[in-house]
Amino acid sequence: MSKILVKEKSIVTPGEVLAEGMDYLPGQHTYRQGEKILSEVLGFVTLSGRAIKANPLSGPYRPKVRDKIIGKVVDITFSGWRVNTNTAYLAMLNIKDASTRFVRKGEDLSKILAIGDFVVVKLTNVTSQNLIDLTMKEPGLRKIAGGRIIKINHQKVPRVIGREGSMITLIKNKTGCEITVGQNGLVWIKGTPEEELVTEQAIKLIEEKAHEGGLTEKIDVFLTKNSKYKPQTPTPTKTFTKTPTKTFAQTQNTTQTKTEN
Amino acid sequence: MIENKQTISELASKNKRLDGRGLEEYRQPITIETDISRTAEGSVRVQIGQTVVLAGVKLSIEKPYNDTPDQGGIMINAELTPMSSPEYERGPPGIKAIELSRVIDRGIREAKAIDMKKLCLEPGEKAWFVIIDIITINDDGNLFDAGGLAALAALKCAKFPEYDPETGVVDYKIKTKESLPLLKEPLPITVYKINNALLVDPTSQEEKAYDARLTIASDTNGTISAIQKGGNTPLSIAEISNIADLALKKAKFLREYLDKVIK
Amino acid sequence: MVYKTRNDGRKIDELRPMEAKAGVIPNADGSAYFKIGKTTAFAAVYGPRELHPRFLQNPKTGILRCSYSMMPFSGSGERIRPGHSRRAQEIALVMTASLNPVVDLTAFPNSVVDIFIELPQTDAGTRCAAISAAAIALADAGIPMKDMISSVAIGQVDGTVVADLDYSEESYPAIVSDIPIAMLHNSKEISLLQMDGEISKEDLIKAMEMAKVAIEQVYKVQVQALKEKYQKVKQ
C-alpha cells in the first residue's frame, strides 16, 4: 500500500521519508530509495497528482538561460567584461552584447562599464560547467546607477515579484520607487532615500514571511503605514518581472491609493 | 559584493544613512551577555545590531618581564574568523585583526586599567598574566566598539581560578570570588567621517565608504587613554575636537549598557 | 566492571542535554549552534563559492572544505594558542570525510562549500558536536543532501560501554576508550569512526550498536532546530 507520510506544505529535512510505495513519483529535490521517496533538501512539500516535490527554503542560485539577474563588473578583458553573478561563477559580457553602438578597436572599455558598476543583464548561455554568457542588449537591460542594492534569498524572488507582478507593482505604486528584482537574489531600488528604505523593509518582510497567507494584504498595510509617498501621476511601468501583464494590477492599486488619500 | 558606496556617501552629506538611522545613533539591539564560556575565567557575548563578538579572559601564571619584575602582564588578541564574514580567510591574523587588537590593547594598557602590581605573586618569579581573546561571530561593522566593549566586559566579570601557593598549581575548574584589580574602565569609541559627516556605529557597508576614522578610548572620567586614526583622508583640529566630544558622549552611552549587566 | 555509576549520574546510554538552533550567523549562507553538555559549537556555511587556488577545483563537482577551531579560552586548562594545530587539521579532515557521503555538489562544479566551526566552550566530544552542527548548517544553507549526518562519541570507561563521554570520563583513572562516531540517519552507515584507547572487538561492535540508538536523539534535535527556524517564519 502506498502512502504519503507528510502533509502538503509541511517542512521537511534532508533524508526525511516523504512517501512509501511505488504509486508516487519523486519530483524535484526528492529521490527514490527502494520503496521510499526521500527529500534531499530542507524544503516544503507540494503534491501534484502522483508526483511529490520538495521546494527548497534556501540555497544557492543555479544559473539558468533567460534569467534576468543583477551582477557586478569585476574585471575588464580584451573582449568585454567579467561579471560577478552572486554565485560561484563569473559570467562573461562581450562587447557586442553590451552596447548597440560600434565600439572601436582599442577603445577604453571602462568608459562603457567600469569595475564596480552594477548591471541588469540576461543569461544567454550556461554550459554544464556553469560558464555563463550575458547580454545587455534587450529593453530594460542596462547599467544601473544610484539608489541601493540589497540581497535576498533567491528562493523568495517569486514572492517578491508576486503573481503576475502584483506584489512588486503594489510596492512601486505605494513608494514611487523604481525596483528591479534579479533572479539571483539581488534587488535594486531607486527613489527618495526614505521610500527606498521603506521599500527595502517591505521586501525584507516578504522574504521573512514568504510562506504566510495574505501576504499582499500585510505588505499593503505595512506600506500604507510607513510610506509617505503620494503618487501624482501613474508611475512608469518599467518592471523586470517575468510576466508583462501588470497594467491591470497597477491601475487597481493606484485607484486604491487615491481613495485612501 | 554589495557596497552601495556612492549612495552612502551622498546620503551622509544630507545627514542621512542607508538604514534610516541618525548619524549619532547606534543600532539596536545592544546586548551584553556574561558567562557564555565557563572554561574562560571571564567571558561575554556582545551584540550591536547584527555584529556579534565573543570575548574570553584566560589567566595564567608566568615569569614577569625583566624590566617589570613586580608586575603581571596583559595581552589582547583578536580573531576575525572566516565564520563571521565572507571577506575573512583562514590563516594567521591579517592586518585588520592586528590593528583591532592593538587599539583595544593600548586603550586598556595605557589607561593602566589593571593594577599590574597586584597581579604579582613572587617578584621576578611569578605573576598573573591576563589574556583577552576577542572572536568575531558575525561582522556587520563597528568591531572596534563591539570588541572594546567585549574586552572591558570580560575583564570586569573575570574571576581568578583557585591557586595553591604551596604547590604552585592552578586549578582552572574552581573559580574564586576574587575579581581582577581594575583601576579604570577604558572604552573605545570610533567615529567615522564620510563625505564630511561624522557618524558612529557603521555597518560593514558604511565601513567601506569612509574617508577617515578616529578611535578614542576613554575612562569614566572622560580621560583619553588611546587614539588611533585610520583612513586616507586627513582631519582638521576642529574636526578632531568634534570627534572627541562625540566619542566621549557615546562612551557614556555604551557604558550604561555595561553597568546594567555587570555591577 | 568497576565503572557503574557515571560521574554526573547519567544512565550508561544517556546523552548530556542538547540544544540546537539554525540560522544564528546572518552573514553566512547557513549556520547553526549546537550544544551538548558543556560543549558548544558554532557552524557557518559559505558557498558554493569560487575556489582558489584553481588547481584545487574539480570540474565534475563542487567540493566540501571544513575548518575546525577551538576558541583560545575554550579549553578546561590553560589558554589554547590560536591557529590551526595539527589536531585541528586532522579533525577538519575527518569531518569533511564524514559529511561528504550525503552532500551532492555535482550541480556546482569547480566551486567550494566552506564550513567553519568555532567552539567557545568544550568538555569532550568536540568533533562530534562540530559534525552535528555542520550538518544543520549545511541543510540550513540549502545544500542538496541525501540524508542527515548525526554524531556522538561512545566510549568505554573501565570496562563499561557508555554514550557521550564528558571530560571527567575521558580522563578517568583507568582504561578509557573514546570512539567518535557519525552516522547517516536512514541507513545507519558509519561515516566517522575513530578510536583511542584499548577495546575488544566485541565491545567495539557493542559501542557501534549503542551509537545507532544514541544518534537518533541527536538527529531529533537537529531536525527540530531546522524545522523551528522555518515554522516560526510560517506562523
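Residues numbered from 1 in each chain as written. Chains lettered and ligands numbered in written order. Predicted model: local features only at pLDDT ≥ 70, side-chain atom pairs only at ≥ 80, totals over all residues. Heavy atoms only, no water.

Novice: Describe the overall build of chain B, with residues and values.
Specialist: Scanning chain B from terminus to terminus reveals five helices and twelve strands. Computed over its C-alpha atoms, the radius of gyration of chain B comes to 19 Å, within 12% of the 18 Å expected for a compact globule of 263 residues. Expressed along its principal axes, the backbone C-alpha trace of chain B runs to roughly 65 × 35 × 35 Å. Looking at chain B residue by residue over its 263 residues, the buried ones come to 58%. Long-range contacts, defined as pairs at least 24 residues apart, comprise 69% of the intrachain contacts of chain B with a sequence gap of at least 6. (Helix = DSSP H or I, 4+ residues; strand = E, 2+ residues; numbered from the N terminus. Rg over C-alpha atoms; globule rule 2.2 N^0.38 Å. Buried < 20%, exposed > 50% of the residue type's maximum accessible area, 1.4 Å probe, protein only. Contact = heavy atoms within 4.5 Å.)

Novice: I'd love a proper account of the pattern of salt bridges, names of residues and values included.
Specialist: Residue and element names in this part refer to chain B. Under the counting rule described, the total for this entry stands at 45 salt bridges over all chains. For aspartate 201, the salt bridge identified is with arginine 21, shortest N-O distance 3.3 Å. Placement of the pair is aspartate 201 in the loop between strand S10 (197–200) and helix H4 (204–207) and arginine 21 in the loop between helix H1 (5–13) and strand S1 (30–34), with a sequence separation of 180 residues. Residue classification places aspartate 201 among the buried residues on the basis of a relative accessible area of 0%. Taking relative accessible area as the criterion, arginine 21 reaches 8% and is therefore assigned buried. Of the charged contacts in the structure, one is a salt bridge between lysine 193 and glutamate 239, with a shortest N-O distance of 2.9 Å. Here glutamate 239 lies in helix H5 (residues 237–261) and lysine 193 lies in strand S9 (residues 187–194), a separation of 46 residues in the sequence. A relative accessible area of 18% means that glutamate 239 is categorised as buried. (Salt bridge = Lys/Arg side-chain N within 4 Å of Asp/Glu carboxyl O.)

Novice: Any chance you could break down the packing of helix H3 (residues 166–175) of chain A against helix H5 (residues 215–226) of chain A for me, citing the residues and the numbers?
Specialist: Residues and elements named next belong to chain A. The interhelical angle for the contact between H3 and H5, taken along N-to-C directions, is 10 degrees, at an axis separation of 10 Å. On the basis of the axis angle, H3 is roughly parallel to H5. Of H5, the residues touching H3 (which contributes Met167, Leu170, Ile171, Lys174 and Thr175) are Leu215, Thr216, Ile219, Asp220, Leu223 and Thr224. Broken down by class, the residue content of the contact of H3 with H5 amounts to six nonpolar, three polar and two charged. (Axes fitted to C-alpha atoms, helices over the stretch in contact; angles between N-to-C directions. Parallel < 35°, antiparallel > 145°, perpendicular 65-115°, else oblique. Nonpolar A, V, L, I, M, F, W, Y, C, P; charged D, E, K, R; others polar.)

Novice: Please give an account of the interface of chain A and chain C that cites residues and values.
Specialist: The accessible area lost on association of the parts is a frequent measure of interface size. Contact with chain A, which involves 32 residues of that partner, is made by 29 residues of chain C. Interface of chain A and chain C: buried area, both sides summed, is about 2600 Å²; carbon and sulfur atoms make up 56% of it. Joining chain A to chain C, the criterion identifies twelve residue pairs in polar contact (both at pLDDT 80 or more). The set of elements that each furnish at least two residues to the side of chain A that touches chain C consists of strand S2 (11–12) and strand S6 (36–39) of chain A. A class-by-class count of the residues in the side of chain A that touches chain C yields 14 nonpolar, eleven polar and seven charged. (Buried area = accessible area lost by both parts, 1.4 Å probe. Polar contact = N/O pair within 3.5 Å; in protein donor to acceptor, adjacent residues only side chain to side chain.)

Novice: Now, about empty space enclosed by the protein: what can you tell me, with residues and values included?
Specialist: Vacant regions in the atomic arrangement are exposed by a probe of water-molecule size rolled over the atoms. Residue and element names in this part refer to chain C. Scanning the model with the defined rule gives five cavities of 30 Å³ or more in all. Put simply, the largest cavity is a space of about 40 Å³. Around the largest cavity sit Arg16, Phe34, Ile36, Gly125, Cys128, Ala129, Ser151, Val152, Ala153 and Asp164, which together line it. Counting residues per element, the ones that place at least two in the lining of the largest cavity are strand S2 (30–36), helix H2 (126–140) and strand S6 (149–157). (1 Å grid on protein atoms, 1.4 Å probe; cavity = no way out; pocket = protein on both sides within 12 Å on 5 of 7 lines; lining within 4 Å. Points joined across faces, edges and corners; volume = space filled by probe spheres on them.)

Novice: Can you break down the pairing of strand S7 (residues 159–164) of chain B residue by residue, with the values?
Specialist: Residue and element names in this part refer to chain B. In terms of strand pairing, S7 meets strand S8 (residues 169–179) through five bridges, oriented antiparallel. What sits directly across from proline 161, in S8, is lysine 175. Taken together, S7 and the strand that follows it, S8, pair antiparallel across an intervening segment of four residues, in which glycine 168 is found at a positive phi of about 80 degrees. (Pairing = 2+ DSSP bridges.)

Novice: Break down helix H1 (residues 86–99) of chain C for me, citing the residues and quoting the values.
Specialist: One turn of the α-helix equals 3.6 residues, which is why residues spaced by three or four share an orientation. All names here are of chain C. Between the first and last C-alpha of H1 there are 20 Å, a value that for 14 residues agrees with the 20 Å anticipated at 1.5 Å per step. Of the positions making up H1, those classed as buried are Ala88, Ile91, Ala92, Val94, Met95, Thr96, Ser98 and Leu99. The inward-facing, buried residues of H1 abut strand S4 (63–70), strand S5 (111–121), H2, S6, strand S8 (176–184) and strand S9 (190–193). (Expected span 1.5 Å × (residues − 1).)

Novice: Explain the layout of surface pockets to me, using residue names and the numbers behind them.
Specialist: Residue and element names in this part refer to chain A. The calculated volume of the second largest pocket comes to roughly 1100 Å³. Forming the walls of the second largest pocket are 40 residues, and the residues nearest its centre are His154, Gln155, Val157, Pro158 and Arg159. In terms of residue class, the lining of the second largest pocket is built from 14 nonpolar, 17 polar and nine charged. Counting contributing residues, the lining of the second largest pocket receives three or more from each of domain 1 (8–17 + 27–56) and domain 3 (148–254). (Domains from an automatic or database assignment.)

Novice: A description of the interface of chain B and chain A should follow, citing residues and the corresponding values.
Specialist: Contacts between the two partners involve ten residues from chain B and, on the opposite side, 15 residues from chain A. With both sides pooled, the region where chain B packs onto chain A buries about 1000 Å², and carbon together with sulfur makes up 58% of that total. Among the residues chain B hides against chain A, the three largest losses belong to Met1, Ile2 and Leu18 of chain B. Together they make up 55% of the total. If you look at where chain B meets chain A, you find one salt bridge. Between lysine 16 of chain B and glutamate 194 of chain A there is a salt bridge, with its nearest N and O atoms 2.9 Å apart. Here chain B and chain A share four residue pairs in polar contact (both at pLDDT 80 or more) between them. Among the residues forming the side of chain B that touches chain A, the class breakdown is four nonpolar, three polar and three charged.

Novice: Can you break down the sheet that holds S6 of chain C residue by residue, with the values?
Specialist: All names here are of chain C. What the four strands build is an open sheet, ordered S7-S6-S8-S9; its pairing is antiparallel. Bordering the open sheet on either side are strand S7 (160–163) and S9, each of which pairs with just one other strand. Going from strand to strand, the sheet's axes swing by 25 degrees on average, the running direction of each strand aside. Two elements, S6 and S7, share four bridges in a ladder whose sense is antiparallel. Residue pairing in the sheet places glutamine 156 in a bridge with valine 161 of S7. Where H1 meets the sheet, its contacts fall on S6, S8 and S9, and the angle it forms with S9 comes to roughly 165 degrees.

Novice: Account for a negative patch on the surface, with residues named and values stated.
Specialist: The grouping of Glu162, Asp164, Glu166 and Asp171 of chain B at the surface amounts to a negative patch. We classify glutamate 162 of chain B as partly exposed; its relative accessible area is 37%. (Patch = residues over 30% accessible without salt bridge, like charges linked within 9 Å, V, L, I, M, F, W, Y side chains within 5 Å. Areas by Shrake-Rupley, 256 points an atom, 1.4 Å probe, with all protein chains shown as cover. Lys, Arg positive; Asp, Glu negative; His and termini not counted. Charge placed at Lys NZ, Arg CZ, Asp CG, Glu CD.)

Novice: Go over the packing of aromatic side chains, please, and point to the residues and values.
Specialist: All told, the structure shown has nine aromatic pairs over all chains when counted by the stated rule. Judged by centre distance (5.2 Å) and plane angle (55 degrees), the rings of tyrosine 33 of chain C and phenylalanine 42 of chain C are tilted. A network of ring pairs unites the aromatic residues Tyr26, Phe253 and Tyr257 of chain B as a single cluster. We note lysine 250 of chain B situated over the ring of phenylalanine 253 of chain B; from NZ or CZ to the ring centre the distance is 5.0 Å. It is lysine 260 of chain B that lies over the ring of tyrosine 257 of chain B; its NZ or CZ is 4.9 Å from the centre. (Phe/Tyr/Trp six-rings, centres within 6.5 Å; stacked < 30°, edge-to-face > 60°. Lys NZ or Arg CZ within 6 Å of the ring centre and 35° of its normal.)

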